[in-house]
Each structure stands twice: as C-alpha cells, then as structure tokens.
Amino acid sequence: MNSISRTPAEITARVKALESMLIEKGLVTTEMVDRMVEIYENEVGPQLGAKVIAKAWTDSDFRTRLIDDATEACKELGISGLQGEHMVALEDTDDVHHAVVCTLCSCYPWPVLGLPPNWYKEPQYRSRMIREPRSVLAEEFDYIVPESTEIRVWDSSSEVRYWVLPQRPEGTEGWSEEQLAALVTRDSMIGVAPVEAVS
Ligand code: FE
C-alpha cells in the first residue's frame, strides 16, 4: 500500500504518531517541528525562485551561471537547503518550452519553490503530463503553447530537481528586479504557465 491510497485523515494520524515517537525518543523537540513547518509554510516559497528568475533576466552573467549550475548560482543569493542539493534550471526560448513533473512521487526544488501544490502530486498530472503535455497545459492550465514551440517534459527525482527559467515578458524593458520578480509565479517555474506582464 502506498501513501496515495491513504485518506488525509490517515496521513495526519500517521504523521502525528511519527512526531510523538521522535519526540519521545528525544530525536526532535516540538519546537523544532513547529519551526520546520513555519519555515516551509511562510519563509521558503516561490518568492525566492522569483527573485532568482528576475536576477537572471537582468544579469546575463548570472543567467549563464544559473543554467550552468542552479544550485551554486542560488547560493550566491543565499538560497539553498533541503531537497535542493542538485537543482537544474531549464531555459525557455521561442523554440522550446520546458515543463516539470515527478512521475514517481512529488520531487520538487524546495529551496526555490517551497512545498509542491497538491495537483503536482496527483497521479493524473504525473502520468498525463508525460504522455500529452500540450493537451494538459491547454486543458488543465489554459496555457496554449504555440504549435511551433517544442514542449520538453523533465522528470524530477530525488537526484535532480528541475525548474523552469521562463521567458521574460515583452513590455518589461527597464523594469527593476523587484518589479520583475512580482510577475513570476510558482506555476511559471513549474512550466505550466507563462509569465505575463500585468499593467
Ligand atoms: Fe518524486
């Protein structure tokens, strides 16, 4: 039996049991657990990835370093941590659009995107995205990728965690990094949405 067939109530009960056991054995404290939850709920999230993307859009040397080794480039901005030991940023162009999935479970680059959304963990997304990404993007995310653009789907794993460097939207010339970062969404870094300039 795997975790997918368990109800949320069963999962909650199991997590509570594990937490109690670890606390009882003196391996963690309640404060440590609370702090970890707080970090991943409030402090680590897609706003960090957005900062990295905005920097890549405005600094071509940084962009090169990001594509070359995303883990090291993120460290320059003080961004690193669990589940981000080997991250790869995939650069979108007019010819190629990248999208990310974890076919096995829900591997995801936590330091830059936080915790994965529920749909990312759904068996439906995980299997269908590999088979027919163009249809999934159009039907599930209202994202119509031009026929002339190839879609490449990358399977994240515990070894390598992918995320997307989306294209900078037109009409944003001269914008500051902060303004640009505000446009970058979690979904655009998973590859299921474009970045759009909003006025
Ligand atoms: Fe996984």
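Given the structure is predicted, the values throughout are model-derived calculations rather than measurements.

Caption draft 1: Local environment of the overall build of the protein. Each helix and strand counted, the protein has eleven helices and four strands in total. For 199 residues, the compact-globule estimate of 2.2 N^0.38 gives 16 Å, and the C-alpha radius of gyration of the protein, at 18 Å, lies within 12% of that figure. Reported as C-alpha extents along the three principal axes, the dimensions of the protein are approximately 55 × 35 × 30 Å. As presented, the protein carries roughly 11400 Å² of accessible surface, and 52% of it is formed by carbon and sulfur atoms. Across the protein, the mean location of the 19 positive side-chain charges is 6 Å away from that of the 34 negative side-chain charges.

Caption draft 2: Here's a closer look at the domain arrangement of the protein. Per the domain assignment, the segments of the protein are domain 1 (1-43) and domain 2 (45-190). One C-alpha centre belongs to domain 1, the other to domain 2, and the line joining them spans 28 Å. Listed per partner, the contact involves five residues of domain 1 and eight residues of domain 2. On inspection of domain 1 and its partner domain 2, the count reaches zero salt bridges. Where domain 1 meets domain 2, there are one residue pair in polar contact (both at pLDDT 80 or more). Looking at the side of domain 1 that touches domain 2 residue by residue, the class counts come to three nonpolar, one polar and one charged.

Caption draft 3: Molecular detail of the environment of Leu-82. Mapped onto the elements of the fold, Leu-82 is located in the loop between α5 (70-76) and β1 (87-91). C-alpha of Leu-82 to C-alpha of Tyr-120: the two residues are 38 residues apart in sequence and 19 Å apart in space. Setting aside its immediate chain neighbours within four residues, Leu-82 contacts Met-36, Tyr-40, Trp-110 and Pro-111.

Caption draft 4: Highlighting the coordination of the iron ion. Cys-102 (SG), Cys-105 (SG), Cys-107 (N) and Cys-107 (SG) make up the full set of protein donors to the iron ion, lying at 2.1 to 2.7 Å. Geometry at the iron ion is irregular, judged from its four donor atoms and the angles of 77 to 125° they form at the metal. Mapping the donors of the iron ion onto the primary sequence gives the spacing C-x2-C-x1-C. Since its relative accessible area comes to 34%, Cys-105 is described here as partly exposed.

Caption draft 5: Examining the pattern of salt bridges more closely. If you walk through the whole model with that rule in mind, you get eleven salt bridges. With its nearest N and O atoms 2.7 Å apart, the salt bridge here joins Arg-65 to Glu-76. Placement of the pair is Arg-65 in helix α4 (residues 60-68) and Glu-76 in helix α5, with a sequence separation of eleven residues. Under the relative-accessibility criterion, Arg-65 is labelled partly exposed at 37%. Among the salt bridges present, the one from Arg-152 reaches Glu-150, with a minimum N-O distance of 2.8 Å.

Caption draft 6: Representation of a negative patch on the surface. Together, Asp-94, Asp-95, Glu-170 and Glu-173 make up a negatively charged patch on the protein surface. Counting through the fold element by element, Glu-173 comes out in the loop between β4 (161-165) and α10 (177-181). On the basis of relative accessibility, which here comes to 61%, the residue Glu-173 falls in the exposed class.

Caption draft 7: Helix α9 (residues 133-141), seen in detail. When α9 is considered as a whole, its buried residues turn out to be Pro-133, Val-136 and Leu-137. The buried residues of α9 all sit within an arc of 100° when viewed along its axis, so they share a single face.

Caption draft 8: Quick look at the pairing of β4. Of all the five residues making up β4, five are buried; the element is thus mostly covered by neighbouring parts of the structure. Where β1 lies against β4, five bridges are found, and the strand directions are parallel. Looking at the pairing, Val-88 lines up with Tyr-162 of β4.

Parameters and conventions
Residues numbered from 1 in each chain as written. Predicted model: local features only at pLDDT ≥ 70, side-chain atom pairs only at ≥ 80, totals over all residues. Heavy atoms only, no water. Helix = DSSP H or I, 4+ residues; strand = E, 2+ residues; numbered from the N terminus. Rg over C-alpha atoms; globule rule 2.2 N^0.38 Å. Areas by Shrake-Rupley, 256 points an atom, 1.4 Å probe, with all protein chains shown as cover. Lys, Arg positive; Asp, Glu negative; His and termini not counted. Charge placed at Lys NZ, Arg CZ, Asp CG, Glu CD. Domains from an automatic or database assignment. Contact = heavy atoms within 4.5 Å. Salt bridge = Lys/Arg side-chain N within 4 Å of Asp/Glu carboxyl O. Polar contact = N/O pair within 3.5 Å; in protein donor to acceptor, adjacent residues only side chain to side chain. Nonpolar A, V, L, I, M, F, W, Y, C, P; charged D, E, K, R; others polar. Donors = N, O, S within 2.8 Å, 3.2 Å for Na, K, Ca; no water. Tetrahedral: all angles 85-135°; square planar, octahedral: opposite > 155°, others 65-115°. Buried < 20%, exposed > 50% of the residue type's maximum accessible area, 1.4 Å probe, protein only. Patch = residues over 30% accessible without salt bridge, like charges linked within 9 Å, V, L, I, M, F, W, Y side chains within 5 Å. Arc of directions from axis to C-beta. Pairing = 2+ DSSP bridges.

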